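# Secondary and tertiary structure notes
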Amino acid sequence: MSDIKFIDRSDMAKEVAVVVGTRPGIIMMAPVIHALTELGVPNFVIHTGQHYSPAMDSELFEDLRLPKPAFHIEDVAGKKTHAGQTAVMLEGCEAALMERRPRLVLVNGDANTNLAGALAARKLHVGVGHIEAGERSFDWRMPEEHNRRIMDHISELLFASGEKAAAQLRKESVPGEIHVTGNTIVDASLNHANLADRHSDALNRIGLEPGSYILATSHREENVDVPGNLEAILRGIGEAARSADLKALFLAHPRTVKRIEQFGLADLVGPDSGIVMREAIRYLDFIKLLKSARIVMTDSGGVQQEAYIHRRPTVTMRKNTEWTETLETGANRLANPESAQEIREAALAALGADIASWPDIFGDGQAAKKIAMIAKEFVDR
Ligand code: UD1
């Protein structure tokens, strides 16, 4: 067997590989996959297997009408550390890329999945395009911040959501080409809002009236893996719901469900807590519940954006956010995840937010088309 460790450009196929593996990554890549196919750009999906629960994976592929992945990496679920998880995905992506030899790999966001895809491609001399480039939380505790910075510096194409992200990339002197395209989360949210209205019966099923509840999520490692933070978050959400006489629907990531049990916090989501907890649900149900919520409380990057697009006032239970533009419009406010009181007060303030005057900061819903056209031009070069 040859010991040459890279692929010569003349041996590459005029194809695009799209790497996905986490729930938000699949959602945000769906419009790009559809746009590539509509433009006639040959493409295939590598699924890293980072997320594997049906609501975070197979059901999502059905809801978003996505083709079956050409490659599905096994054995990631058992890995417990960042290095272990990333290593399996890195090797899996490398094998898939060696087999198909595409000219370009597209990755998005900041999860370990995307770092693995980008790094495997870079080492093989395959082009890398990073969607949602240039976002920064400036928080070195977050694995996502490490991933974003590395990906941006090894990509040839950088797709920025807006001018602020593009300016950050220029400031860091990244070597790749910067394109401002808008964010594909807008395309995804707009495409799927109608489908959700038609197909989701989540409100009836859970017994909720539109506008009568808080929608809450929390899954970030630096929150849910720290007992004090997870406790403050659950207390803060519960107190906010009880003070405002609303229900709080807490949609818990599998990791969060596990930690609540492990840290003995089940009482905080019990019958008198003000919180109704459900495990991760199907995406169309999620969109329906988000659109109909009074306010949203979260520590997710993607949910902050989706709430903004659907004009739901938001409390972000973090000390910082990549999406500082949402703070400036008054749509979103930060609450320290160590303080139940701060979380409760932020929620009560969000209930009075003015939702009439928020500009379209994440783009116009055409990001996927723009990205697909630039990808086409790149593989044809
Ligand atoms: C990952 C991303 C995060 C993204 C999030 C979206 C990294 C470093 N983090 O975090 O940026 O916002 O995805 O959801 O890549 N688990 C399941 N079923 C699943 C997936 C996870 O049970 O389908 C459990 C497992 O116990 C796993 C834990 O959740 O060990 C954490 O999963 P992991 O993929 O490591 O990180 P996320 O918290 O999902």
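The name that an unreviewed UniProt entry assigns to the chain is UDP-N-acetylglucosamine 2-epimerase (Non-hydrolyzing), with the source organism given as Oricola thermophila. As stated in UniProt under Sequence similarities (unreviewed entry), the record for the chain gives "Belongs to the UDP-N-acetylglucosamine 2-epimerase family."

From N to C terminus, the chain includes 16 helices and 13 strands. In summary, the chain has a C-alpha radius of gyration of 20 Å against a globular reference of 21 Å for 381 residues, a match within 12%. Once local pairs closer than 6 in sequence are excluded, the contacts in the chain between residues at least 24 apart make up 71%. As displayed, the chain offers around 15600 Å² of accessible surface, 51% of which is attributable to carbon and sulfur atoms. When the 44 basic and 53 acidic side-chain charges of the chain are each reduced to a single mean position, those positions are 2 Å apart.

What follows covers the pairing of strand 8 (residues 213–216). Taken residue by residue, a regular strand's side chains alternate between the two faces of the sheet. Residues of strand 8 alternate between two faces, with Tyr213 and Leu215 on one and Ile214 and Ala216 on the opposite face, all of them buried. Pairing analysis gives four bridges linking strand 8 to strand 9 (residues 247–252), with the strands arranged parallel. Following the sheet pairing, Ala216 is matched in strand 9 by Phe250. With three bridges connecting them, strand 8 and strand 11 (residues 295–298) associate as parallel partners. For Leu215, the partnering residue across the bridge sits in strand 11 and is Val296.

Let us now look at the site of the ligand. Taken together, 20 residues surround the ligand, and among them His51, Tyr52, Glu144, His253 and Lys258 come closest. One nitrogen or oxygen atom from the side chain of Gln85 is found 3.1 Å from an oxygen atom belonging to the ligand. Side-chain polar atom of His219 to an oxygen atom of the ligand: 2.9 Å apart, as the coordinates give it. Across the complex, the protein chains shield 87% of the 740 Å² of accessible surface that the ligand would expose by itself. Here the shell around the ligand is composed, by residue class, of six nonpolar, nine polar and five charged. Looking at which domains feed residues into the shell around the ligand, each of domain 1 (9–183 + 363–380) and domain 2 (201–351) supplies at least three.

Another aspect to go through is the nonpolar core. Within soluble globular proteins, side chains that are nonpolar tend to cluster in buried spots. With 35 residues, the main nonpolar core has Val16, Leu36 and Leu106 as its most contacted residues. Mapped by element, the contributors of at least two residues to this core are strand 1 (13–20), helix 1 (23–38), helix 2 (58–63), strand 4 (102–108), strand 6 (157–160), helix 7 (184–199), helix 12 (283–291) and helix 16 (367–380). With eight residues, helix 1 is the single largest residue contributor to this core. Lining this core are residues from two domains, each supplying at least three of them: domain 1 (9–183 + 363–380) and domain 2 (201–351). Those residues in contact with Leu36 that sit more than four places away from it in its chain are Val16, Val18, Val41, Asn43, Leu106, Ala372 and Ala375. By size, the runner-up hydrophobic cluster in this structure holds 28 residues, among which are Ala240, Leu246, Ile260 and Ala347.

Computed from the structure, the second largest pocket encloses a volume of approximately 270 Å³. As for the second largest pocket, its lining consists of 16 residues, of which Pro31, His34, Ala35, Glu38 and Asn191 are closest to the centre. Among the secondary structure elements, those contributing two or more residues to the lining of the second largest pocket are helix 1, helix 7 and helix 16. At five residues, the largest contribution of residues to the lining of the second largest pocket is made by helix 7. Of the residues contributing to the lining of the second largest pocket, the split by class is six nonpolar, five polar and five charged.

Once that is clear, we can look at the sheet that holds strand 11. Across the sheet, six strands lie side by side as 10-9-8-11-12-13; this open sheet has parallel pairing. Only two strands of the sheet have a single partner each, and these edge strands are strand 10 (275–279) and strand 13 (332–334). Mean inter-strand twist for the sheet, computed between neighbouring axes without regard to direction, equals 20°. Running over the sheet, helix 11 (residues 254–262) touches strand 9 and strand 10 and is turned about 105° from strand 9.

Analysis parameters
Residues numbered from 1 in each chain as written. Predicted model: local features only at pLDDT ≥ 70, side-chain atom pairs only at ≥ 80, totals over all residues. Heavy atoms only, no water. UniProt positions renumbered as here; feature names shortened; annotations may be inferred. Helix = DSSP H or I, 4+ residues; strand = E, 2+ residues; numbered from the N terminus. Rg over C-alpha atoms; globule rule 2.2 N^0.38 Å. Contact = heavy atoms within 4.5 Å. Areas by Shrake-Rupley, 256 points an atom, 1.4 Å probe, with all protein chains shown as cover. Lys, Arg positive; Asp, Glu negative; His and termini not counted. Charge placed at Lys NZ, Arg CZ, Asp CG, Glu CD. Buried < 20%, exposed > 50% of the residue type's maximum accessible area, 1.4 Å probe, protein only. Pairing = 2+ DSSP bridges. Near = heavy atom within 4 Å. Polar contact = N/O pair within 3.5 Å; in protein donor to acceptor, adjacent residues only side chain to side chain. Nonpolar A, V, L, I, M, F, W, Y, C, P; charged D, E, K, R; others polar. Domains from an automatic or database assignment. Core = buried A, V, L, I, M, F, W, Y, C linked by side-chain atoms within 4.5 Å. 1 Å grid on protein atoms, 1.4 Å probe; cavity = no way out; pocket = protein on both sides within 12 Å on 5 of 7 lines; lining within 4 Å. Points joined across faces, edges and corners; volume = space filled by probe spheres on them. Axes fitted to C-alpha atoms, helices over the stretch in contact; angles between N-to-C directions.

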